[in-house]
Amino acid sequence: MQLKIVGGDLAKAKTPCLILGVYDKHKRSAPAAAVDEASDGAITQLLRKGDLDGGKGLLLAYDLPGIAAERVLLLGLGKRKECNRGTLTKALGTALSRLGEHRVTKALLALPDDLDDYAGVRAAALKAAEGAYRYEQTKPPKADAPPLLERFELWVAPAQHAGAERAVAHAEAIGAGVALARELGNLPGNICTPTYLAERATALADQLGALSTEVLDEDAMAELGMGALLSVSRGSRQPAKLIKMTYQGAAADAKPIVLVGKGLTFDAGGISIKPAGEMDEMKYDMAGGASVFGAMVAAVRMGLPINLIGVVAASENLPGGAANKPGDVVTSLSGQTIEILNTDAEGRLILCDALTYVERFEPAVVLDMATLTGACIIALGKHPSGLFTSDDTLAKEITAAGEAADDRVWRLPLWDDYQQQLDTNFADMANIGGREAGAVTAACFLSRFTKAYPWAHLDIAGTAWVKGKEKGATGRPVPLLSELLIRRSGVAAAD
Ligand code: BES
Ligand code: MN
Ligand code: ZN
């Protein structure tokens, strides 16, 4: 999909659909007022009919006098004082699906005057980009399916042009990252295996010159001593892969930001097998890894002046003759031993070795993303991802990036008080900590492998995909990660 910033006289803009914001009580945004005047009050007349009196909803009108656009879509944005970026993107989402029903593939949004800054333009453009994604690989669309948006133009006031151009470039990059994360997530486990992910990473490096990929196979991991990670993949016929993607956008001696993702391409639980209901959703257990792919693509496409390393620990977790058994003890790359009391707590087993592995890159910071615990969904539901870190400054930074990117997190405690739940008589630690605070004890487990650098963990179990009729991967937390990288890169958001 093409995104473009435009200026000039809105009344003369040739487009299949001009989208204008209006508020409650027949108030018009500045661009809507300008178009209203050019059409001799046609918009005022439409508003008087009362369809948008609730302040919300859509009104589609054709052939307004003096207006070059084929259609005008009035977008109800509620009360002017309460209207913000969130209101706009929500309303825009509805508007874009309505346009799909009308088979309109090109549109021009005139951003309301107070939402045409960098953040507003980026959010609107990203919404349009996200609307143009559809999963098709194993289900091609029917001929009568609504067509996808092909071109989305955004009109901003002349003073905002420079910021808007940058915002659109960033939205394109983030949109590509989100789309990749969604696609990898949506692919079934029999296609998206660890080997498939490794091949995709290699293909990305061919495609994006600034990216390089290295894949460690099981022999290489055994050589290093990744006993925890390899114990998980032993139960599966699919060999594990440790995928490393590198982007050098800054001086060679600048410490890298390191992203680590859980890439469990299918989690049946292993010998501690999961119940059958909804088990298909465990194809999404690689969503943390997918978000690493997405963030890498976004950073490269934005050309951020940072050094970034993405590591995806990819494996399946199945029951099998060589699978982990409850009570087994394994030795991690760190040398610490782990008693596996539940083979379904496998994410932490593969992540702990990846987290030890990345020490060698002397990271400025390490963020890991994982669909780690059902307990996180119980604690927080599906709206925020869980954030765990003992570094208050880093917690603030990540929280703020999440707010700005409309991809929020909520911090949960990582206090030492919880660590004792991992005690066992048979190893340095157990891989589960009992029924209480399951998301916290999982994070506590990871914390034992991250002493060498500043670190935060995002539990995305509740946010990585949605259930129901619209079942599918969300691409979260690629928007948050992209925002964080933009901020860390020192590239001012707006010019
Ligand atoms: N991938 C799951 C966590 C999960 C479950 C994410 C449901 C999203 C939806 C993880 O590997 C897992 O099975 N965790 C266990 C841990 C338990 C055995 C301590 C869980 O949450 O039940
Ligand atoms: Mn599991
Ligand atoms: Zn899992």
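These figures come from a predicted structure and were not determined experimentally. (Residues numbered from 1 in each chain as written. Chains lettered and ligands numbered in written order. Predicted model: local features only at pLDDT ≥ 70, side-chain atom pairs only at ≥ 80, totals over all residues. Heavy atoms only, no water.)

**Q** I'd like a description of the layout of surface pockets, backed by residues and values.
**A** Computed from the structure, the second largest pocket encloses a volume of approximately 1,000 Å³. Around the second largest pocket, the lining comprises 35 residues; the ones closest to its centre are Lys 274, Asp 344, Thr 373, Gly 374 and Ala 375. Elements with a minimum of two residues in the lining of the second largest pocket: strand E9 (257-267), helix H11 (374-380), helix H13 (438-447) and strand E18 (465-466). Take the lining of the second largest pocket: its biggest share by element is 4 residues, from H11. Here the residues of the lining of the second largest pocket are counted per class, giving 13 nonpolar, 10 polar and 12 charged. (1 Å grid on protein atoms, 1.4 Å probe; cavity = no way out; pocket = protein on both sides within 12 Å on 5 of 7 lines; lining within 4 Å. Points joined across faces, edges and corners; volume = space filled by probe spheres on them. Helix = DSSP H or I, 4+ residues; strand = E, 2+ residues; numbered from the N terminus. Nonpolar A, V, L, I, M, F, W, Y, C, P; charged D, E, K, R; others polar.)

**Q** Account for the site of ligand 1, with residues named and values stated.
**A** Around ligand 1 sit 17 residues, and of these Lys 274, Asp 285, Asp 344, Glu 346 and Gly 374 come closest. One of the side-chain N or O atoms of Asp 285 is found 2.9 Å from a nitrogen atom in ligand 1. Contact distances for ligand 1 include 3.5 Å between a nitrogen atom and a backbone N or O atom of Leu 372. When isolated, ligand 1 has an accessible area of 510 Å², and the protein chains bury 77% of it. Elements with a minimum of two residues in the shell around ligand 1: E9 and H11. Its residues placed into classes, the shell around ligand 1 shows 6 nonpolar, 4 polar and 7 charged. (Near = heavy atom within 4 Å. Polar contact = N/O pair within 3.5 Å; in protein donor to acceptor, adjacent residues only side chain to side chain. Areas by Shrake-Rupley, 256 points an atom, 1.4 Å probe, with all protein chains shown as cover.)

**Q** Give a detailed account of the sheet that holds strand E10 (residues 307-317), specifying residues and quantitative values.
**A** Taken in spatial order, the 8 strands line up as E7-E8-E10-E9-E13-E17-E14-E15 in an open sheet, and their pairing is mixed. Bordering the open sheet on either side are strand E7 (211-216) and strand E15 (409-411), each of which pairs with just one other strand. For this sheet the average axis-to-axis angle between neighbouring strands, irrespective of direction, equals 20°. Relative to E15, strand E14 (residues 385-388) runs parallel, the two being bridged by 3 bridges. Paired with Gly 386 across the bridge in E15 is Trp 410. Each of E9, E10, strand E13 (365-370), E15 and strand E17 (455-459) is contacted by helix H14 (residues 478-489), which is oriented at about 170° to E13, the strand it contacts most. (Pairing = 2+ DSSP bridges. Axes fitted to C-alpha atoms, helices over the stretch in contact; angles between N-to-C directions. Contact = heavy atoms within 4.5 Å.)

**Q** Tell me about unusual backbone geometry, and please be specific about residues and values.
**A** In this model, Arg 476 is joined to Pro 477 through a cis peptide bond whose omega is 0°. Residue position: Pro 477 is located in the loop between strand E19 (472-473) and H14. With phi around 45°, Glu 362 is a residue other than glycine that occupies positive phi space. Relative to the helices and strands, Glu 362 resides in the loop between helix H10 (347-357) and E13. Glu 362 sits in the exposed class, given a relative accessible area of 55%. Although it is not a glycine, Asp 406 sits at a positive phi angle of roughly 55°. Its location among the elements puts Asp 406 in the loop between helix H12 (392-404) and E15. You can call Asp 406 partly exposed: its relative accessible area is 44%. (Buried < 20%, exposed > 50% of the residue type's maximum accessible area, 1.4 Å probe, protein only.)

**Q** Got a sec to walk through the domain arrangement of the protein? Specific residues and values, please.
**A** We note that the domain assignment places domain 1 (2-157) and domain 2 (175-489) within the protein. Look at where the C-alpha atoms of domain 1 and domain 2 centre, and you get two points 38 Å apart. At the interface, 10 residues of domain 1 touch 16 residues of domain 2. Overall, the association of domain 1 and domain 2 removes approximately 1,100 Å² of surface from exposure, summing both partners, and the carbon and sulfur fraction of that is 48%. (Domains from an automatic or database assignment. Buried area = accessible area lost by both parts, 1.4 Å probe.)

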